[in-house]
Amino acid sequence: SSRSVLTFVRDLQLKYPNVHVLRGNHEEMMLESLKYDSTFAFWLSKGGYATYRDFCGDSREVSIENLKKAIPDDLLDYVDNLPLIYRNRHAQFVH
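It should be emphasised that the depicted structure is a prediction, and the values quoted were computed from it without experimental measurement.

Once that is clear, we can look at the layout of surface pockets. In this approach the atoms are scanned with a rolling probe the size of a water molecule, which exposes any empty space left behind. Taken as a whole, the largest pocket encloses approximately 150 Å³ of empty space. Secondary structure elements with two or more residues in the lining of the largest pocket: helix H1 (2-15), helix H2 (25-35) and helix H3 (40-56). Per-element tally for the lining of the largest pocket: the top contributor is H3, with four residues. For the lining of the largest pocket, the per-class residue count stands at four nonpolar, five polar and one charged.

Below is the structure:
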């Protein structure tokens, strides 16, 4: 599930500082939909509905407001602060 994956990688990164987690396109779309309601339907259609269900359950009313209430602030802050790129002396990594 999306929630358990995000929690797992956050905890893994806290335990092992040499783990580098990057923000991908689905995380970016979710963040955009939380900022701009007009992009919510697009995010849902590109795989976001599974994430929505994971956080909000199978509620009959699918809404951005439900998602905003369901995602814990600490997890949302974590995703929002993930880098888009990681560089070391050997390579550059992107999602």
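The next subject is the environment of Ser33. Locating Ser33 in the fold gives a position in helix H2. In the structure, Ser33 is positioned 41 residues away from Asp74 in sequence and 18 Å away in space, judged by C-alpha atoms. Sequence-distant contacts of Ser33, defined by excluding residues within four places in its chain, comprise Thr39, Phe40, Trp43 and Ile64.

Next up on the list: the nonpolar core. As a rule of thumb, soluble globular proteins bury nonpolar side chains together. Of all hydrophobic cores here, the largest spans 19 residues; its most connected members are Phe40, Trp43, Tyr52, Phe55 and Leu67. Of all the secondary structure elements, the ones that give two or more residues to this core are H2, H3, helix H4 (64-70) and helix H5 (73-80). No other element matches H3, which puts six residues into this core. Once residues lying within four places of it in the same chain are set aside, the contact partners of Tyr52 are Phe40, Trp43, Leu44, Gly57, Ser59, Glu61, Val62, Ser63, Asn66 and Leu67.

Relative to the elements of secondary structure, Ser1 occurs in the segment before H1. You can call Ser1 exposed: its relative accessible area is 53%. For the pair Ser1 and Leu22, spaced 21 residues apart in the sequence, the C-alpha separation amounts to 18 Å. Of the polar contacts made by the side chain of Ser1, one reaches the side chain of Asp54; its length is 3.4 Å.

Thresholds applied
- Residues numbered from 1 in each chain as written.
- Predicted model: local features only at pLDDT ≥ 70, side-chain atom pairs only at ≥ 80, totals over all residues.
- Heavy atoms only, no water.
- 1 Å grid on protein atoms, 1.4 Å probe; cavity = no way out; pocket = protein on both sides within 12 Å on 5 of 7 lines; lining within 4 Å.
- Points joined across faces, edges and corners; volume = space filled by probe spheres on them.
- Helix = DSSP H or I, 4+ residues; strand = E, 2+ residues; numbered from the N terminus.
- Nonpolar A, V, L, I, M, F, W, Y, C, P; charged D, E, K, R; others polar.
- Contact = heavy atoms within 4.5 Å.
- Core = buried A, V, L, I, M, F, W, Y, C linked by side-chain atoms within 4.5 Å.
- Buried < 20%, exposed > 50% of the residue type's maximum accessible area, 1.4 Å probe, protein only.
- Polar contact = N/O pair within 3.5 Å; in protein donor to acceptor, adjacent residues only side chain to side chain.

Purely geometric numbers; function is a separate question.
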